[in-house]
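# Understanding the architecture of this molecule
Chain residues, written in single-letter form:
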Amino acid sequence: MTKAAAATPHDHAHCIASALAQADTLCEQRGARLTKNRRRVLELVWQSHAPVGAYELLERLREDGLSAAPPTVYRALEFLMSQGLVHRIETRNAFVGCPQPQHEHEAQYLLCEACGDAVEIDVGGVRRRIEALAAQHGFTVTAQTIEARGLCRRCQPADA
Ligand SMILES: [Zn+2]
Ligand SMILES: [Zn+2]
Ligand SMILES: [Zn+2]
């Protein structure tokens, strides 16, 4: 997996700070315990906009000097997902922070094949359309994954 995603042209420290502040507020409102471990895992997920795998998170926790075991990371990720703070990118089996955890939604993504970044998009209309078409077949949809692959603005050739 490429690490070029860190070279984003925006103030990513602001992304991290605002994600953590939102998590603190939301968990307090909901009476959910954002333990030190869970908060650290969230911070690590937010190191870039590229999805990160559980094992990479585990390695980074160990770099912190924490004697973290895989279940620690998985439990933290499960908690973070249950609070909507983190989403799982199905096709990559990796995790990415949600910029809008305060309202419930299903996450759909634009995935850059060059830098690895994931951009969350709202495809409410598409989702409803699929549900309507499914209903015509007497089919009940329980989960939908929309992950579009391609090149982000930064990764497209300059002369395009
Ligand atoms: Zn950012
Ligand atoms: Zn989201
Ligand atoms: Zn890119």
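Located above this text is the structure these notes cover.
We now turn to the structure provided with this report. Source: prediction; values computed, not measured.

Conventions we followed
- Residues numbered from 1 in each chain as written.
- Chains lettered and ligands numbered in written order.
- Predicted model: local features only at pLDDT ≥ 70, side-chain atom pairs only at ≥ 80, totals over all residues.
- Axes fitted to C-alpha atoms, helices over the stretch in contact; angles between N-to-C directions.
- Helix = DSSP H or I, 4+ residues; strand = E, 2+ residues; numbered from the N terminus.
- Left-handed = near helix turned anticlockwise from the far one by under 90°.
- Contact = placed C-beta atoms within 7 Å.
- Nonpolar A, V, L, I, M, F, W, Y, C, P; charged D, E, K, R; others polar.
- Pairing = 2+ DSSP bridges.

This brings us to the packing of helix α2 (residues 36-45) against helix α3 (residues 54-63). With their axes 10 Å apart at the nearest point, α2 and α3 run at an angle of 115 degrees to one another. Regarding α2 and α3, the two cross each other, and that crossing is right-handed. Judged by residue contacts, R40, V41, L44 and V45 of α2 engage L57, R60 and L61 from α3. Grouping the constituent residues of the contact of α2 with α3 by class yields 5 nonpolar, no polar and 2 charged.

So, on to the pairing of strand β4 (residues 118-121). In this structure, strand β3 (residues 108-112) lies alongside β4, joined through 4 bridges in antiparallel fashion. Across the sheet, L110 pairs through a bridge with V119, a residue of β4. The hairpin turn running from β3 into β4, its antiparallel successor, is 5 residues long, and G116 in that turn takes a positive phi close to 90 degrees.

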